[in-house]
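Listed below are the residues making up each chain.
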Amino acid sequence: MSRGVFITFEGSEGCGKSTQVQRLATRLEQEGVPVLVTREPGGTAIGEKIRDLLQFAPESFAMTPETEVLLFEASRSQLVRETIQPALEKGTVVISDRFFDSTTVYQGVARKLSPEIVEALNAFAVGAARPDLTFVLDVDVATARARMLRRVRPAVVVDRMEQEPVEFYERVCAGYRELAKREPDRVVLMEGSQSASEIEQQVWDTLSRRFPAVAPANKSEM
Ligand code: TMP
């Protein structure tokens, strides 16, 4: 049996990637393709506990950048071995809402940790489970922040990352654009200000070109 395709979605908060993850999964399921959807941090029992800590550890815990990166990698190591790798081996298409590019960009570029150390940690955490195709939804910082603040959530719950200043998110957006330039064969930068349906169609078209066995082209285009 051939290995499944591993697809990841990336971008700043509020870029619309979670909607696209769901839309792509639904479309693949309609085509009869086995799909597994997951997310980072989280996706396993251990990972969800780590996610909670990463998102909601109070300021008084004073989490260091080094601790933060190791927690993201710990969550990832568990997810890869418990979920992603076994699914790929069964021929399942795996779609992850964020993966190691988030660490490259958030902890490497935006938090300014050593890019070499981040790369080595990523490699250790993922082993052979590297994405085949990554979609980055590119939105400007102002749009991303406005969408992020509109999220429905109890007023008392404040996400740790969302408290970062605007300069942090400017580095995140720039980091993703740079990544797309560096790895054009894998990373596809998409204009995130388009409608969800337009993006969905472009995602499908890209997948059809790269992996026609998984995503047949639209009949009208054949
Ligand atoms: P989100 O997936 O709902 O956008 O939230 C995850 C948050 O964690 C988001 O602020 C990005 C951040 N993050 C990192 O900083 N590094 C990582 O490696 C991952 C997976 C997420």
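Residues numbered from 1 in each chain as written. Predicted model: local features only at pLDDT ≥ 70, side-chain atom pairs only at ≥ 80, totals over all residues. Heavy atoms only, no water.

**Concerning the site of the ligand**
Note the threshold: Here a residue counts as near a molecule or strand whenever at least one of its heavy atoms sits within 4 Å of it. Any pair of N or O atoms that falls within 3.5 Å is considered a polar contact. Within protein, one atom must be able to donate a hydrogen and the other to accept it, and sequence-neighbouring residues count only if both atoms are side-chain atoms. For the area figures, the Shrake-Rupley method with a 1.4 Å probe applies, and any residue is considered shielded solely by the protein chains shown. Detection works on a 1 Å grid of protein atoms alone, calling trapped sets that fit a 1.4 Å probe cavities and calling open sets with protein on both sides within 12 Å along at least five of seven lines pockets, with lining residues defined by an atom within 4 Å of a point. For a molecule to be placed in a cavity or pocket, more than half of its atoms must lie within 2 Å of the grid points of that cavity or pocket.
The immediate surroundings of the ligand are formed by 14 residues, with E13, R98, T103, Q107 and M161 found nearest. Note that an oxygen atom of the ligand is positioned 3.4 Å from one of the side-chain N or O atoms of R51. Within the contact set of the ligand, an oxygen atom lies 2.5 Å away from a side-chain nitrogen or oxygen of T103. Surface burial for the ligand is 94%, taken as the share of its 470 Å² of free accessible area covered by protein chains. When each cavity is represented as a set of grid points, the ligand is found to reside in the largest pocket.

**Some words on unusual backbone geometry**
Note on backbone geometry: most residues besides glycine have negative phi, and most peptide bonds are trans. Using the following cut-off: Numbering of helices and strands runs from the N terminus, with a helix taken as a DSSP run of H or I at least four residues long and a strand as a DSSP run of E at least two residues long.
Note that the residue after E40, namely P41, is joined by a cis bond; omega there is -15°. Even without being a glycine, A62 presents a positive backbone phi close to 45°. Mapped onto the elements of the fold, A62 is located in the loop between α2 (45-56) and α3 (65-89). With phi around 80°, R98 is a residue other than glycine that occupies positive phi space. Looking at the secondary structure, you find R98 in the loop between β3 (93-97) and α4 (100-110).

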